[in-house]
Protein chains: 2
Amino acid sequence: MQAQLIALDWGTTSLRAYLLGCAGQVLKTRSLASGIMQLPNAARLVAGHWCTNGFELAFDDACGDWLDANPGIPVIACGMVGSAQGWREVAYRETPASLNALSTALQTVRSVRGVEVHIVPGVIQHSVLPNVMRGEETQVLGVLQTLPHLNDCLIGLPGSHSKWVQVQDGCLVHFDTFMTGELYAAVCAHTILGRTQQHSAQFDLAAFERGVQVALSPAGQLGPLSTLFSARTLGLTGQLSATQQPDYVSGLLIGHELAALSTVLRQHLGEQPLPTIILIGNSQLCERYQRALGACGFADVSLAEQATEQGLWHLAQAAGLLQHTHLEA
Amino acid sequence: MQAQLIALDWGTTSLRAYLLGCAGQVLKTRSLASGIMQLPNAARLVAGHWCTNGFELAFDDACGDWLDANPGIPVIACGMVGSAQGWREVAYRETPASLNALSTALQTVRSVRGVEVHIVPGVIQHSVLPNVMRGEETQVLGVLQTLPHLNDCLIGLPGSHSKWVQVQDGCLVHFDTFMTGELYAAVCAHTILGRTQQHSAQFDLAAFERGVQVALSPAGQLGPLSTLFSARTLGLTGQLSATQQPDYVSGLLIGHELAALSTVLRQHLGEQPLPTIILIGNSQLCERYQRALGACGFADVSLAEQATEQGLWHLAQAAGLLQHTHLEA
C-alpha cells in the first residue's frame with residue numbers, strides 16, 4: 001500500500017513516528033527516546049547539509065528513510081514539539097476546540113530537507129485556573145473520529161499529567177489536569193516513603209486496591225498530603241510490606257485523583273448518571289485507572305486504541321494535506 | 001545558677017542541646033547538624049575511650065563539656081534518637097498519652113562515659129490508618145505544662161511532617177499527620193514546577209495568600225494533585241512570575257492541608273466553634289500557618305515558645321531524674 005502521511009507524536013521524553021497508508025492504516029511505526037528535552041546532539045550530514053540542530057537530527061532519525069522513499073509525502077506532528085521549548089512554538093487554541101478549529105491552525109517549520117512539518121496547536125482553557133494540553137487534544141480527536149457516536153463522555157488520559165476531557169458534539173469543551181504520575185515518581189524517589197519501598201516486577205493488585213479504598217474512605221477526607229503518611233505507618237506496624245508500598249501509594253494517589261474528580265462531577269450532574277469514560281494511554285496504567293474508576297462508581301469504562309495516529313490522520317485530512325482526500329473521506 | 005538537666009532534642013537532621021537550671025530555666029543552648037541520619041564519623045578519643053560510634057561522637061560534641069563541668073547531671077533526650085534507626089529504640093506509647101504515662105516509659109542507653117541517657121518514647125495511635133510521632137509528644141507536653149488552663153485545644157506542629165494534636169485533660173488524645181513540608185520540597189526540586197521557579201529571599205505574602213485562597217475555593221475541590229498544575233499554567237499565561245511561584249505553591253499546599261483539616265473538624269464539631277489553636281515550631285513557618293488558619297476561619301491562634309525544653313524538663317521531673325524536685329514543683 002502506498003504511504004500517504006508521516007505522523008509524529010513528539011513529546012517531552014519520546015518521539016513516536018507512524019507511516020500511514022490510505023484511510024490512516026498504520027504501515028510502519030518507530031519509537032525513539034528523542035523527546036524535545038533529550039534531543040540527539042552529535043552533528044552530522046542530513047540530506048547533504050551539515051546539521052547541528054537536535055530537532056533536525058531527531059526528525060531525520062525518525063523518518064529520514066521514509067521521506068527518501070516517499071517523495072512529497074506530507075508530515076504532521078503533535079505534542080511538545082509545538083511548545084516554547086519545541087521546534088516551533090504554535091499558539092494554543094481555546095476551548096471549545098474541534099477538529100476543524102485545530103486543523104485550520106496548524107503551523108509549519110521547514111526542515112533542512114525542504115520538507116514542511118505541520119505542527120498541531122495545543123489547547124488552552126481560560127478557566128479561573130488556566131489549563132493547557134499539547135498532544136492530548138490530538139488523541140481525543142482521534143477517539144472522536146473513530147467512535148463518532150460518542151457524546152457527553154469523559155475521556156481520560158492517564159500519565160505524568162493526567163487529563164480528563166469532557167467532549168460534546170465533537171468538541172473538547174472542558175478539561176482538568178492532575179499531576180498524579182509525576183508526583184508519584186517524586187514521592188517514591190525523593191521522600192521518606194521511598195526509603196522503605198522495594199520495587200517488584202509484579203503488580204500487587206491487593207495493595208493497589210487497598211490504597212484506592214483508603215482514598216475513598218472517611219480517612220481519605222484528609223487528602224493525599226495526609227494519607228500518604230500511612231504508607232510509612234502501615235509499614236512500621238507490619239501491615240504493609242516493602243514490596244507492597246509502591247502499589248499502595250499508586251492506589252492512594254490515583255484514588256484521590258478519581259475521588260476528587262467524581263465528587264466535582266456529581267455536584268454538576270445532580271441526579272444524572274456518571275458519564276461514559278474512554279481511557280487513552282499505556283495499557284498497564286489504564287488498567288489501574290479502570291479498576292479505580294470501578295471503585296468510584298463509573299460503570300461504563302472502555303479503552304481506546306490508535307488514538308494518536310487516528311487523530312493526526314484526521315487532522316491532516318481536514319487540513320487538506322492528503323493527496324486524495326475525497327477517496328478516503 | 002546550678003545546672004540541673006541536660007536536655008536533647010535529637011531529630012533526623014539536627015541535634016539541639018539545652019543546659020537547664022532550676023525550674024527549667026535555659027542556661028545554655030547548642031545546635032548541631034548531627035541528626036541521626038547525619039552523624040559524625042571521624043573516630044576519636046571520648047573520655048579516654050577510642051570511639052567510632054556516631055551517636056557517642058555527636059553526644060560528646062553536644063554536651064561533653066557540660067557533663068565534665070556538672071558531674072552526675074541527668075540527661076534526657078527526645079525525637080528520632082529513640083527510633084529503630086536511633087541510639088536505642090524505645091517502643092511507642094499508645095494514645096491517649098499523658099505526661100505520667102510517658103515519664104514512666106523512658107528507656108536508657110549508657111554512653112561510653114558511663115552517663116545514662118534517658119530517651120522519651122514516641123506515641124502511636126492505632127486508628128484505621130496508624131499514626132506515629134517522635135519528639136512532637138514532648139513539645140505538646142511542654143505546652144500543656146506551660147499553659148495548664150488549656151483544654152480541648154488543637155496543637156499544630158508545622159514542619160516536614162506537620163502534626164495536629166488534639167489534647168484533652170492533659171492528654172494527647174488524637175493526632176493527624178500531613179507530609180506537606182516534605183512534599184513541598186520534593187515538588188519544587190523534582191517536578192516540572194521547579195523548572196520555572198526562581199527563589200527569592202523575600203517572602204511573597206500575596207502569592208502565598210493567593211495559593212491559600214485557591215485551595216479553599218471551588219477550584220480547590222479537585223485537590224492538590226490538580227491545583228498544583230496551576231503554578232505552571234498561571235506562569236505560562238503571565239499571571240504568576242517565577243519568583244512568586246514558590247510561595248504560591250507553599251500557599252496551595254498549606255491551604256489544602258488546613259482546608260481538609262477544618263472540613264473534618266467541622267463534621268465532628270457540628271455547631272460548636274472551631275477549637276483554639278496553639279502552634280509550635282519555626283517562627284516563619286508558623287506565620288504562614290497562622291495566616292492560612294485565619295483564612296480557614298480559626299479565630300484563636302497563638303504561638304508557643306520553649307515547648308521542647310519545657311517538655312523535656314517536666315518529663316525529667318515526673319520521672320524523678322531531678323535532684324530537688326520538691327523545690328521546683
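Residues numbered from 1 in each chain as written. Chains lettered and ligands numbered in written order. Predicted model: local features only at pLDDT ≥ 70, side-chain atom pairs only at ≥ 80, totals over all residues. Heavy atoms only, no water.

Going by an unreviewed UniProt entry, chain A carries the name 2-dehydro-3-deoxygalactonokinase and comes from Pseudomonas kulmbachensis.

Caption draft 1: Molecular detail of the overall build of chain A. Summing up its helical and strand segments, chain A has 12 helices and 16 strands in all. Referenced to the eigenvectors of the C-alpha coordinate spread, the extents of chain A come out at roughly 65 × 50 × 40 Å. For chain A, the residues scored as buried account for 57% of the 329 residues in total. Sequence-distant contacts, at least 24 apart, represent 63% of the contacts inside chain A between residues at least 6 apart. (Helix = DSSP H or I, 4+ residues; strand = E, 2+ residues; numbered from the N terminus. Buried < 20%, exposed > 50% of the residue type's maximum accessible area, 1.4 Å probe, protein only. Contact = heavy atoms within 4.5 Å.)

Caption draft 2: Region of interest: the nonpolar core. Counting residues in hydrophobic clusters, the biggest one holds 82 residues, and the most contacted among them are A:Trp164 and B:Trp164. When residues of this core are assigned to their parent elements, the largest contribution, 10 residues, is made by helix α9 (residues 245-269) of chain B. (Core = buried A, V, L, I, M, F, W, Y, C linked by side-chain atoms within 4.5 Å.)

Caption draft 3: Quick look at the sheet that holds strand β15 (residues 277-279) of chain B. Residues and elements named next belong to chain B. On the basis of which strands lie adjacent, the open sheet formed by 5 strands has the order β14-β13-β12-β15-β16 and mixed pairing. The open sheet has two edge strands with one neighbour each: β14 (171-178) and β16 (301-303). Along the sheet, successive strands turn relative to each other by an average axial angle of 25°, direction set aside. In terms of strand pairing, strand β12 (residues 153-157) meets strand β13 (residues 162-168) through 5 bridges, oriented antiparallel. What sits directly across from leucine 154, in β13, is glutamine 166. (Pairing = 2+ DSSP bridges. Axes fitted to C-alpha atoms, helices over the stretch in contact; angles between N-to-C directions.)

Caption draft 4: Quick look at unusual backbone geometry. Residue A:Pro96 follows A:Thr95 across a cis peptide bond; omega there is -5°. Along the chain, A:Pro96 falls in the loop between β7 (93-94) and α2 (99-103). For B:Ala47, which is not glycine, the phi dihedral falls at a positive 50°. For B:Ala47, the location among the structural elements is in the loop between β4 (44-46) and β5 (49-51). Residues other than glycine seldom take positive phi values, yet B:Asp169 does so here, at roughly 50°. Residue B:Asp169 is classed as exposed on the basis of its relative accessible area of 65%.

Caption draft 5: Fine view of the domain arrangement of chain A. According to the domain assignment, chain A consists of domain 1 (2-127 + 310-324) and domain 2 (177-303). If you average the C-alpha positions of domain 1 of chain A and of domain 2 of chain A, the two centres end up 34 Å apart. (Domains from an automatic or database assignment.)

Caption draft 6: Region of the structure containing the packing of aromatic side chains. In total, this model carries 12 aromatic pairs over all chains according to the counting rule given. Measuring from centroid to centroid gives 5.9 Å for B:Phe55 and B:Trp87, while their planes differ by 10°, and the two rings are stacked. Of this pair, B:Phe55 sits in helix α1 (residues 54-69) while B:Trp87 sits in the loop between β6 (75-78) and β7 (93-94), and the two are 32 residues apart along the sequence. For the pair formed by B:Phe55 and B:Trp87, the shared burial category is buried. Chaining the aromatic ring pairs together yields one cluster made of A:Trp10, A:Phe55, A:Phe59 and A:Trp87. In this structure, B:Arg134 is placed above the aromatic ring of B:Tyr92, and the distance from its NZ or CZ to the ring centre is 4.2 Å. (Phe/Tyr/Trp six-rings, centres within 6.5 Å; stacked < 30°, edge-to-face > 60°. Lys NZ or Arg CZ within 6 Å of the ring centre and 35° of its normal.)

Caption draft 7: Structural detail: the interface of chain A and chain B. Listed as interface residues are 49 residues of chain A and, on the opposing side, 49 residues of chain B. The three residues of chain A that bury the most area against chain B are A:Leu222, A:Leu225 and A:Phe229, which together make up 19% of that side's buried surface. Summed over the shared surface of chain A and chain B, the number is 9 residue pairs in polar contact (both at pLDDT 80 or more). Elements with a contribution of two residues or more to the side of chain A that touches chain B: β11 (131-133), β14 (171-178), α4 (180-190), α5 (192-195), α7 (224-227), α8 (229-236) and α9 (245-269) of chain A. A breakdown of the residues in the side of chain A that touches chain B according to their chemical character gives 28 nonpolar, 15 polar and 6 charged. (Buried area = accessible area lost by both parts, 1.4 Å probe. Polar contact = N/O pair within 3.5 Å; in protein donor to acceptor, adjacent residues only side chain to side chain. Nonpolar A, V, L, I, M, F, W, Y, C, P; charged D, E, K, R; others polar.)

Caption draft 8: Looking closely at the relation of the copies chain A and chain B. Between chain A and chain B, which share one sequence, the superposing operator has a rotation angle of 180° and an axial displacement of 0.0 Å; the RMSD is 0.0 Å. Seen this way, the second copy is the image of the first under a two-fold rotation axis. Considering only C-alpha atoms, the residue of chain A closest to the rotation axis is A:Ala186, which sits at 3.1 Å. (Least-squares fit on C-alpha atoms with pLDDT ≥ 70 in both.)

Caption draft 9: The pattern of salt bridges, seen in detail. Residue and element names in this part refer to chain A. Tallied over the entire structure, the rule returns 18 salt bridges over all chains. We note a salt bridge from arginine 113 to aspartate 68, for which the minimum N-O separation is 2.9 Å. Here arginine 113 is found in the loop between β8 (107-110) and β9 (116-119), whereas its partner aspartate 68 is found in helix α1 (residues 54-69), with 45 residues between them in sequence. A salt bridge links arginine 288 to aspartate 247; the nearest nitrogen and oxygen atoms lie 2.9 Å apart. Of this pair, arginine 288 sits in helix α10 (residues 283-295) while aspartate 247 sits in helix α9, placing them 41 residues apart in sequence. If you follow the salt bridges from partner to partner, you end up with Arg44, Asp60, Asp61, Asp68 and Arg113 in one network. (Salt bridge = Lys/Arg side-chain N within 4 Å of Asp/Glu carboxyl O.)

Caption draft 10: Examining the confidence of the model for chain A more closely. All names here are of chain A. Overall, the predicted model of chain A reaches an average pLDDT of 95, with 98% of residues at or above 70. Confidence drops under a pLDDT of 50 for residues 325-329, and excluding neighbours within four residues, the segment shows 7 contacts in the predicted structure. Under the prediction, the complex receives an ipTM of 0.94, its pTM being 0.94. (pLDDT = per-residue confidence, 0-100.)

Caption draft 11: Spatial organisation of the sheet that holds β7(B). Residues and elements named next belong to chain B. Strand order in the open sheet formed by 3 strands is β7-β10-β11, and the pairing between neighbours is mixed. Each of the sheet's edge strands pairs with one partner strand only, and the pair in question is β7 and β11 (131-133). Examined bridge by bridge, β7 and strand β10 (residues 123-125) share 2 bridges and lie parallel to one another. Counted as the bridge partner of glutamate 94 is isoleucine 124 from β10.

Caption draft 12: Region of the structure containing empty space enclosed by the protein. Inspection of every chain in the model, using the stated rule, returns 1 cavity of 30 Å³ or more. One number sums up the size of the largest cavity: a volume of about 100 Å³. Lining the largest cavity, in full, are A:Leu183, A:Val187, A:Pro224, A:Leu225, A:Leu228, A:Leu253, B:Leu183, B:Val187, B:Pro224, B:Leu225, B:Leu228 and B:Leu253. Among the secondary structure elements, those contributing two or more residues to the lining of the largest cavity are α4 and α7 of chain A together with α4 (180-190) and α7 (224-227) of chain B. (1 Å grid on protein atoms, 1.4 Å probe; cavity = no way out; pocket = protein on both sides within 12 Å on 5 of 7 lines; lining within 4 Å. Points joined across faces, edges and corners; volume = space filled by probe spheres on them.)

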